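Letter by letter, the chains look like this.
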Amino acid sequence: GKGHAGNKSFDQPALAKKQYWYFRSCAQYLEKHFGYAAWYATVPMRIAVAMLHLFLDEYSRLFAVSMAGIAAVELMSYGAYFFPSVGTVGFIIIVLLTAILSLRRLEYGLWIVMGELIIGSKGYLFDIPLGSFALSVRMGIFLVVGFAWAVHSLRQKRVLGKVRQPLRAAYAVLFAVFLWGVGVALANGNDPSMIFRDANGWLYAFLLPVFLSVVTDRKSFIRIGVICAAALFAQTLLVLLTFYVMGHRGFGFDGMYSFY
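Predicted, not measured: the structure shown is a model, and the values here were computed from it.

Peer 1: What exactly am I supposed to notice about the pairing of strand 1 (residues 127–130) here?
Peer 2: Consecutive side chains along a regular strand alternate between the two faces of the sheet. By the bridge criterion, four bridges tie strand 1 to strand 2 (residues 133–136) in an arrangement that is antiparallel. Across the sheet, Asp 127 pairs through a bridge with Ser 136, a residue of strand 2. In this structure, the hairpin formed by strand 1 and strand 2 is closed by a connection of two residues, where Gly 131 is found at a positive phi of approximately 65°.

As structure tokens, then:
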């Protein structure tokens, strides 16, 4: 019948999935019938299977895409060390991309927030000078993600709808204390740039409504964990690479210093 036409079942899946099945089946067949004598054929196939699996599993794809994005950001930040204009371009690209993705789906913005928090140290991989202080890319990301959360909440007519009553009261108290502290600092004539830097540290608490809106089930929680794992893995690789560069004089002092 039509259901048994040649290769029709195998033609339906995507190319990556078909190759995954093909290489895995070939490796299993060779190992079963030829054992260690076929290692030269099965090892490349097993490697291909592992690489193809990255395109089939949701979490593996997310991990791979996150690593690629982090690598691109790190390379751009290294370029900004030599060419400051690259830092400005990087800031604009990252903040605009975060805004677009967050407005499309708030979870994407939270992924970027978590990844930057881990790889960005103090948040100044990129920045834009504004008067007496520099606006870091972390601040830009926080602002656009917070704006996207407000937009999504207004669209769904549930501003603070997922924040329980005790948390709303806690937020009201925190906001009042925040404003009081800023007011006292201004009244005492403190440097506005220093006030901003100190006050900025309290703004992390205002990410809680974003978390409550995004992390609603086990899968969303796991996806956040995958992003954090990718960022931690990338940082580990960067630290090991730094140890290697700093331990080999062949790179020269200038090369080692600029990389560090």
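Peer 1: Whenever I open this one, the packing of aromatic side chains confuses me. Can you help?
Peer 2: Geometry of an aromatic ring pair is reported as the spacing of the ring centres plus the angle between the planes. Throughout the structure, instances matching the rule amount to four aromatic pairs. Aromatic pair Tyr 78 and Phe 82: ring centres 5.3 Å apart, planes at 90°, arrangement edge-to-face. With Tyr 78 and Phe 82 both in helix 4 (residues 58–82) and four residues apart, the pair spans about one turn of that helix. Judged by its relative accessible area of 33%, Tyr 78 is partly exposed. When the centroid spacing of 5.1 Å and the interplanar angle of 90° are considered together, the rings of Tyr 81 and Phe 82 count as edge-to-face. Relative accessible area serves as the criterion here: at 46%, Tyr 81 is assigned to the partly exposed category.

Peer 1: I keep staring at the confidence of the model for the chain and nothing clicks. Help me out?
Peer 2: On average, the chain scores 81 in pLDDT, and the residues at 70 or more come to 86%. Looking across the chain, the model is least confident in helix 1 (residues 8–11), with a mean pLDDT of 51, and most confident in helix 6 (residues 106–119), with 94.

Peer 1: Please explain helix 4 as it appears in this structure.
Peer 2: An α-helix turns once per 3.6 residues; consequently, residues spaced three or four apart project the same way. End to end, helix 4 covers 37 Å across 25 residues, agreeing with the expected 36 Å (1.5 Å per residue, within 8%). For helix 4, every residue scored as buried is listed here: Ser 60, Leu 62, Ser 66, Met 67, Ile 70, Glu 74, Ser 77, Gly 79 and Ala 80.

Peer 1: Teacher, can you tell me more about the environment of Gly 123 here?
Peer 2: Relative to the helices and strands, Gly 123 is located in the loop between helix 6 and strand 1. Judged by relative accessible area, Gly 123 falls into the buried class, the value being 0%. As a C-alpha pair, Gly 123 and Arg 138 span 15 residues in sequence and 4.9 Å in three-dimensional space. Once residues within four sequence positions are removed from consideration, Gly 123 is found in contact with Glu 116, Ser 136, Val 137 and Arg 138.

Peer 1: Sorry, what's going on with the side chain of Ser 77 here?
Peer 2: Along the chain, Ser 77 turns up in helix 4. For Ser 77, a relative accessible area of 14% translates into the label buried. Those residues in contact with Ser 77 that sit more than four places away from it in its chain are Leu 125 and Phe 126.

Peer 1: Honestly, the pattern of salt bridges in this entry has me stumped. Any pointers?
Peer 2: When charged atoms on two side chains of opposite charge get close, those side chains can pair. Applying the stated criterion across every chain, the model contains three salt bridges. In this structure, Arg 105 engages Glu 107 in a salt bridge whose closest nitrogen and oxygen atoms are separated by 2.6 Å. Taking the relative accessible area as the measure of exposure, Arg 105 reaches 35% and is therefore partly exposed. Across the pair Arg 223 and Glu 107 runs a salt bridge whose closest N-O atoms are separated by 2.7 Å. Of the two residues, Arg 223 is situated in helix 11 (residues 218–246) and Glu 107 in helix 6; the sequence distance between them amounts to 116 residues.

Definitions and limits used
Residues numbered from 1 in each chain as written. Predicted model: local features only at pLDDT ≥ 70, side-chain atom pairs only at ≥ 80, totals over all residues. Heavy atoms only, no water. Pairing = 2+ DSSP bridges. Helix = DSSP H or I, 4+ residues; strand = E, 2+ residues; numbered from the N terminus. Phe/Tyr/Trp six-rings, centres within 6.5 Å; stacked < 30°, edge-to-face > 60°. Buried < 20%, exposed > 50% of the residue type's maximum accessible area, 1.4 Å probe, protein only. pLDDT = per-residue confidence, 0-100. Expected span 1.5 Å × (residues − 1). Contact = heavy atoms within 4.5 Å. Salt bridge = Lys/Arg side-chain N within 4 Å of Asp/Glu carboxyl O.

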